[in-house]
Amino acid sequence: MQTYLRPAIVLTLAFILLTGIAYPLAVTGVAQLAFPAQANGSLIRNGDVVIGSALIGQQFTADKYFWPRPSVAGTGYDAAASSGSNLGPTSAKLAARVKSDLERIQSAGAVPGDGATASGSGLDPHISPQFAALQITRVAKARGISESDVDAIVDRFTEGRLFGIVGEPRVNVLLLNMALDAHKTG
């Protein structure tokens, strides 16, 4: 019995050390050296203050800001509650939420899909250029700046497809709103 037990315990401890400690430390070390910003959460700072992450959406409701797509994560953009709503097309709760979101933004015209639907995680920090374009008039009016200035900022913060073929063009709402706050008029 001892001839089987001792090797089993030694191998278990060896694999715990290897896969539970050595490998995670090695991967973390390589990530910190090669991609320090991404490894630390792609944090966005205003001076020394962390104001968000480029990977997690934030709620903006004031007219002077671009609004993100709806969130179903907990109380809204709560990374601890990241998940889809799991509500199906016949769900009354989903229909009511979409109707409410559409009423909020529909006054500006036809609403693209991302204006009324949450992302799979509920944390998506991006909106489509079409949804951003829909909001330009409201944001420009609320800020007292020209629509062409706001449009130019949106264009500057529109990210294209990865390698020109992967994904869809998108606009990071937090970065866009930060640029608007930094914009000097006249």
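Before reading further, recall that the structure is shown in the block above.
Just so you know, these numbers come straight off a predicted model, no measurement behind them.

A. Expanded view of the side chain of Gln135. Note on placement: Gln135 falls in helix α4 (residues 129-143). Once residues lying within four places of it in the same chain are set aside, the contact partners of Gln135 are Tyr65, Phe66, Trp67 and Ile127.

B. Structural context of the packing of helix α5 (residues 147-156) against helix α6 (residues 173-182). Two elements in contact, α5 and α6, have axes whose closest approach is 10 Å; the angle formed by their N-to-C orientations is 140 degrees. Classified by the angle their axes make, α5 and α6 are oblique. Handedness of the α5/α6 crossing: right-handed. Where α5 approaches α6, its residues Val150, Ile153, Val154 and Arg156 are matched on the opposing element by Leu176, Ala179 and Leu180. Partitioned by chemical class, the residues of the contact of α5 with α6 number six nonpolar, no polar and one charged.

C. Expanded view of the nonpolar core. Ranked by size, the top nonpolar core spans 21 residues in total, and within it Phe66, Ile127, Ala132, Val150, Val154, Leu176 and Leu180 carry the most contacts. Mapped by element, the contributors of at least two residues to this core are α4, α5 and α6. At six residues, the largest contribution of residues to this core is made by α4. Once residues within four sequence positions are removed from consideration, Leu180 is found in contact with Lys64, Phe66, Val139, Arg143, Ile145, Val150 and Ile153.

Analysis parameters
- Residues numbered from 1 in each chain as written.
- Predicted model: local features only at pLDDT ≥ 70, side-chain atom pairs only at ≥ 80, totals over all residues.
- Heavy atoms only, no water.
- Helix = DSSP H or I, 4+ residues; strand = E, 2+ residues; numbered from the N terminus.
- Contact = heavy atoms within 4.5 Å.
- Axes fitted to C-alpha atoms, helices over the stretch in contact; angles between N-to-C directions.
- Parallel < 35°, antiparallel > 145°, perpendicular 65-115°, else oblique.
- Left-handed = near helix turned anticlockwise from the far one by under 90°.
- Nonpolar A, V, L, I, M, F, W, Y, C, P; charged D, E, K, R; others polar.
- Core = buried A, V, L, I, M, F, W, Y, C linked by side-chain atoms within 4.5 Å.
- Buried < 20%, exposed > 50% of the residue type's maximum accessible area, 1.4 Å probe, protein only.

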